[in-house]
Amino acid sequence: TGSAEKEEKAGRRVTFDDVAGQEQAKKEVAELVEFLKHPEEFKKLGAEAPRGVLLVGPPGTGKTLLARALAGEAGVNFFNISASEFIEMFVGVGASRVRKMFDEAKKRAPSIIFIDELDAVGRVRGTGLGGGNDEREQTLNQILSEMDGFSGRETVIVLAATNRPDVLDPALLRPGRFDRHVTLELPDKLARKAILEVHTRKVPVAKDVDLDLVAAGCPGFSGADIKNLVNEAAIAAAREHVDEVAMRHFDESRDKIIMGTVRTLAIQP
Ligand code: ATP
């Protein structure tokens, strides 16, 4: 929590420019910037404040990145918490951390709260699934009551990410809670190229590198995979003590990532 400050100090304010592709999702999230910057304009007209936004999409498609970019664009504080952290905790710890985070976010409003992996605590309650984990249910109940507890005066928007919207407790999706949904998709070829461009901004690439070809060669890769691809290519070039990352490094790196993926798929039960 309080990471907005830390990031600003590190000079790494994320903006929409850092999010490549995902045009529709960006457009929907961008609508919240005006609200965060000028909440009084909305309140004046009696418009209800947006409260919760659910970012839905496969792993690595940029949900966290988009939430950070929204905070960066609006210039507001960013608080984040990963719901999967609570599963192993003692009963009561998750709920109290949620309460503290919401208190802090309200105190330092305007702000954004980002809850990653909402499904880890947000599964349908009382089914005995997940072993009837009390900690999980208490944490979920705390999130629900915090979202109901906004008076309407605070400029706080809660974003949450999941790749399993189907398993979420319907209580989370009621009006006033996560009632807006924004979908992120795996990138198509054009979007993969745009993501490659973002991640090669600071990488010296050789003349033989054709990003169209690289993008065409990695169907199914997420944004996170592409970031990894560029990084692995740069590492391969560094190992050879050359000054530029060449096409062969991208090829090598892509094969390595695909082989790695195949291997992890093979050992899954
Ligand atoms: P998870 O569900 O696994 O938490 P996520 O959807 O939140 O994943 P991020 O954590 O935002 O994904 O993505 C990881 C990294 O991958 C980002 O920090 C960024 O560097 C890169 N990345 C992902 N998507 C994009 C994108 N659309 N444009 C540029 N970079 C991206």
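Up top is the structure these notes are about.
Residues numbered from 1 in each chain as written. Predicted model: local features only at pLDDT ≥ 70, side-chain atom pairs only at ≥ 80, totals over all residues. Heavy atoms only, no water.

A. Quick peek at unusual backbone geometry. The amide bond that connects alanine 109 to the next residue, proline 110, takes the cis arrangement and shows omega of 5°. Looking at the secondary structure, you find proline 110 in the loop between α5 (93–107) and β3 (111–116). At glutamate 117, a residue that is not glycine, the phi angle is positive and equals roughly 50°. Mapped onto the elements, glutamate 117 comes out in the loop between β3 and α6 (119–122). Residues other than glycine seldom take positive phi values, yet histidine 241 does so here, at roughly 55°. Inspection of the secondary structure assignment puts histidine 241 in the loop between α10 (223–239) and α11 (247–267). Exposure remark for histidine 241: the relative accessible area of 71% places this residue in the exposed category. (Helix = DSSP H or I, 4+ residues; strand = E, 2+ residues; numbered from the N terminus. Buried < 20%, exposed > 50% of the residue type's maximum accessible area, 1.4 Å probe, protein only.)

B. Structural context of the layout of surface pockets. By volume, the largest pocket is sized at about 980 Å³. Residue lining of the largest pocket: 32 residues in total, with Val14, Asp18, Leu65, His199 and Lys227 positioned closest to the centre. Mapped by element, the contributors of at least two residues to the lining of the largest pocket are α4 (63–74), β4 (156–162), α8 (189–199) and α10. Here the element with the most residues in the lining of the largest pocket is α4; it accounts for four residues. In terms of residue class, the lining of the largest pocket is built from ten nonpolar, ten polar and twelve charged. Each pocket or cavity is described by its volume, and for the second largest pocket that value is around 210 Å³. Looking at the second largest pocket, the residues that line it are Glu48, Ala49, Pro50, Arg51, Met147, Asp148, Phe150, Ser151, Gly152, Pro175, Gly176 and Asp179. (1 Å grid on protein atoms, 1.4 Å probe; cavity = no way out; pocket = protein on both sides within 12 Å on 5 of 7 lines; lining within 4 Å. Points joined across faces, edges and corners; volume = space filled by probe spheres on them. Nonpolar A, V, L, I, M, F, W, Y, C, P; charged D, E, K, R; others polar.)

C. A look at the environment of valine 91. Here valine 91 is to be found in the loop between β2 (77–82) and α5. Considered as a pair, valine 91 and isoleucine 235 are 144 residues apart in the sequence and their alpha carbons are 43 Å apart. Setting aside residues no more than four positions away along its own chain, valine 91 makes contact with Asp134, Glu135 and Gln138. (Contact = heavy atoms within 4.5 Å.)

D. Molecular detail of the packing of α8 against α10. Put simply, α8 and α10 touch, their axes get as near as 9 Å, and they point 45° apart. For the element pair α8 / α10, the angle class is oblique. As α8 runs across α10, the sense of the crossing is right-handed. Packed against α8, whose contacting residues are Arg192, Ile195, Leu196 and His199, the element α10 presents Gly223, Ile226, Lys227, Leu229 and Val230 at the interface. When its residues are assigned to classes, the contact of α8 with α10 shows five nonpolar, two polar and two charged. (Axes fitted to C-alpha atoms, helices over the stretch in contact; angles between N-to-C directions. Parallel < 35°, antiparallel > 145°, perpendicular 65-115°, else oblique. Left-handed = near helix turned anticlockwise from the far one by under 90°.)

E. The arrangement of the pairing of strand β1 (residues 52–56) in detail. Counted residue by residue, β1 has five buried out of five residues, so it is predominantly covered. Burial along β1 is two-sided: Gly52, Leu54 and Val56 facing one way and Val53 and Leu55 facing the other are all buried. Both β1 and β4 contribute to a ladder of five bridges, which runs parallel. Bridged to valine 53 within β4 is leucine 159. Across four bridges, β1 lies against strand β5 (residues 180–183) in parallel orientation. By the bridge assignment for β5, valine 56 is matched with threonine 183. (Pairing = 2+ DSSP bridges.)

F. View of α5. Between its terminal C-alpha atoms α5 stretches 21 Å, which fits the 21 Å expected from 15 residues at 1.5 Å a residue. Taken residue by residue, α5 has Gly94, Ala95, Val98, Met101, Phe102 and Ala105 as its buried positions. Projected down its long axis, α5 shows its buried positions confined to an angular sector of 130°, all on one face. Away from its buried face, by an angle of more than 90 degrees, α5 presents the exposed residues Lys100 and Lys107. Buried residues in α5 make contact with β2, β3, α7 (134–148) and β4. (Expected span 1.5 Å × (residues − 1). Arc of directions from axis to C-beta.)

G. Up close: the packing of aromatic side chains. According to the stated counting rule, one finds three aromatic pairs in the structure shown. Pairing phenylalanine 102 with phenylalanine 150 gives two aromatic rings, centres 5.9 Å apart and planes at 50°, and the pair type is tilted. Separated by 48 residues along the polypeptide, phenylalanine 102 in helix α5 and phenylalanine 150 in the loop between α7 and β4 bring together distant segments of the chain. Taken as a pair, phenylalanine 102 and phenylalanine 150 share a single burial class, namely buried. Seen from the ring of phenylalanine 150, arginine 51 lies directly overhead, with NZ or CZ sitting 4.1 Å from the centre. The positively charged end of lysine 106 is found above the aromatic ring belonging to phenylalanine 150, 5.3 Å away from the centroid. (Phe/Tyr/Trp six-rings, centres within 6.5 Å; stacked < 30°, edge-to-face > 60°. Lys NZ or Arg CZ within 6 Å of the ring centre and 35° of its normal.)

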